[in-house]
Amino acid sequence: MSLIINNLHVSYGAIKALRGVSLHVDEGEIVTIIGSNGAGKTTLVKSLSGVIPKQSGKITYKGLDLGALPSHQIVASGVVQVPEGRLIFQNLTVRENLELGSYCRKKSSLIQSDLEEVFNFFPRLKERIKQPADTLSGGEQQMLAIGRALMVRPQLLLLDEPSLGLAPNLVQQIFKILKAIHEKGVSILLIEQDAFLALRTAARGYVMETGKIILEGKSGELLQNSDVKRAYLGV
Amino acid sequence: MSSFLQQLINGVAWGSIYALIALGYTMVYGIIRLINFAHGDVYMIGAMSGYFLARWLSLQNGPASFFIILPLSMLVCALLGFVIEKLAYKPVRHAPRITALITAIGVSLFLEYGGQLLFGADPKFFPTLIPTNPFINLGGVFVSNIQFLIIITSLVLMIILHWIVMRTKMGLCMRAVSFSHTASALVGIPVDRVISFTFILGSALAGAAGVLVGLSNPKVEPLMGIMPGIKAFVAAVLGGIGSIPGALVGSLILGISETMVTAYISSTYRDALAFIILILILLFKPTGLLGGRQQTKV
């Protein structure tokens, strides 16, 4: 097991957002966390990335205690988040956004080949390379956010709502690329509100509700589970 | 006409000094949204350290001494800026913004009155590093060698700054952090280090301004940073706080208008002018001349 979260608690002041979450992601897996708004999914990835402090519990990645590290060192260890709402640098060009993704690495010769690899996944970004990022469409911005994360050479990619605000055909396109990225050996933890899409993409899934994991299992099983069907699949 | 041109040159020289200070204000604001009210006092420390270094190294009369004093004073201020950020601002970074603002005022008072305690309240006379000479004569308009040096030194420093911000990896990180701390941290940028670097850069520029002022207005004392600090702040707001080109434009406008008011109206109104400009800009264009979302904010 590469990522292990054990009994994680996070609060915003008096409000408890996570109440003892435990989960794991094995090397090379795609795992999804589904759940409705306010279940604590985004809080979970934020605390994984060190953006918000945890109250108690343990987060380890390949034996490394992530809970003790600042965000930029978590990134350097290979755990990279594509945040909800994308958070691309609107004031910079597409190229600059991508270059920032490779901040941690020193060898500039590798950066060029990494750029080429990102353009293989997202040819559109190459056409837009000199444009300021705020001139991109929503879909292109999501591509840029994923491309920027790939520039870090992630081992575990944390995706927070990659389908948010995108047209259905774009969502399909993004998820196809996510599978291609996974085939290159990147593990993925996928946070998604579109439960059907998420469970068809991932091998395993967790269901979150009010800060707790209430259900876990193989995606196929969860798709058949009557509670999941009723609450998240709308069947 | 020639007297107008003469005033214009004097104004540009003053404006360059303001610009060096205003850049520090605007960069720090761009990166942590803090009006660093202690910045004018860092400029004072620049002038003071120039004074003490010159005495200590007993340097006088010659451009060589200026080129030793300038980088050393910049170094002292860079170090001071680094320490101020680490000790005073970093602990309150996640507190409400008003907390940091009050902290900045506290640091400012500390430097001013700590300075009086340490250096004495009496004015000191900056040693003549370079004797003043009319350097260029453009048909009755004189540019003194000191003014020339002030303008050229500021220009060179600003070109270096522009290069750092637009062409280096650290500069790119500064622009990224100015956009979002969270997004920057998530791509692996050590945000704390970038903030420290910004304070170092801004404070070094203020230190340079201190030494340059020592050349032309040799009276230095611990409270000398208050007025130029406020003026540079006004210049930064005028140009659009957070915008580097804005700081330059605002400073030149302020420097030139001040010398014009002194020359053609009355020097009594000189200091009032900055505040009139501040009130007008806040009333009619609070984002400043070049401010706004599409500006490169650092």
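For the structure given in this document, a descriptive report is provided here. (Residues numbered from 1 in each chain as written. Chains lettered and ligands numbered in written order. Predicted model: local features only at pLDDT ≥ 70, side-chain atom pairs only at ≥ 80, totals over all residues. Heavy atoms only, no water.)

Observations regarding the side chain of Asn97 of chain A
Residue and element names in this part refer to chain A. Relative to the helices and strands, Asn97 resides in helix α3 (residues 94–101). On the accessibility criterion, Asn97 (0% relative accessible area) is buried. Residue contacts for Asn97: discarding those within four places in its chain leaves Ile88, Phe89, Leu92, Ala133, Leu144 and Arg148. (Helix = DSSP H or I, 4+ residues; strand = E, 2+ residues; numbered from the N terminus. Buried < 20%, exposed > 50% of the residue type's maximum accessible area, 1.4 Å probe, protein only. Contact = heavy atoms within 4.5 Å.)

Some details on the packing of aromatic side chains
All names here are of chain B. Using the criterion set out here, one finds 9 aromatic pairs over all chains in the structure. Note on Tyr25 and Phe233: the rings are 5.8 Å apart at their centroids and 50° apart in plane angle, and the pair reads as tilted. Taken together, the residues span a long stretch of sequence, with Tyr25 in helix α1 (residues 2–32) and Phe233 in helix α9 (residues 226–239) at a distance of 208 residues. Each member of the pair, Tyr25 as well as Phe233, carries the same accessibility label: buried. Plain terms: the ring middles of Phe52 and Phe119 are 5.4 Å apart, the flat faces sit at 35° to each other, and that makes the pair tilted. Here Phe52, found in helix α2 (residues 39–56), pairs with Phe119, found in helix α4 (residues 97–119); they are 67 residues apart in sequence, far enough to count as distant. Three or more aromatic residues joined by ring pairs form one cluster here, namely Tyr25, Phe37 and Phe233. Seen from the ring of Trp14, Arg270 lies directly overhead, with NZ or CZ sitting 5.3 Å from the centre. (Phe/Tyr/Trp six-rings, centres within 6.5 Å; stacked < 30°, edge-to-face > 60°. Lys NZ or Arg CZ within 6 Å of the ring centre and 35° of its normal.)

Focus: the sheet that holds strand β2 (residues 15–25) of chain A
Residue and element names in this part refer to chain A. Taken in spatial order, the 4 strands make up an open sheet running β2-β1-β4-β5, and their pairing is antiparallel. With partners counted over all chains shown, the strands left at the sheet margins are β2 and β5 (64–65), one partner each. The pairing of strand β4 (residues 56–61) with β5 spans 2 bridges and is antiparallel. Within the sheet, the bridge partner assigned to Tyr61 lies in β5 and is Leu64. (Pairing = 2+ DSSP bridges.)

Details of the packing of helix α5 (residues 145–167) of chain B against helix α6 (residues 169–179) of chain B
Residues and elements named next belong to chain B. It is the contact of α5 with α6, at a shortest axis distance of 5 Å, that shows an interaxial angle of 75°. Judged on the interaxial angle alone, α6 and α5 are roughly perpendicular. Taking contact as the criterion, the partners of Ile164, Val165, Met166 and Arg167 in α5 are, on α6, Lys169, Gly171, Leu172, Met174 and Arg175. The class makeup of the residues in the contact of α5 with α6 is 5 nonpolar, 1 polar and 3 charged. (Axes fitted to C-alpha atoms, helices over the stretch in contact; angles between N-to-C directions. Parallel < 35°, antiparallel > 145°, perpendicular 65-115°, else oblique. Nonpolar A, V, L, I, M, F, W, Y, C, P; charged D, E, K, R; others polar.)

By themselves these figures say nothing about function.
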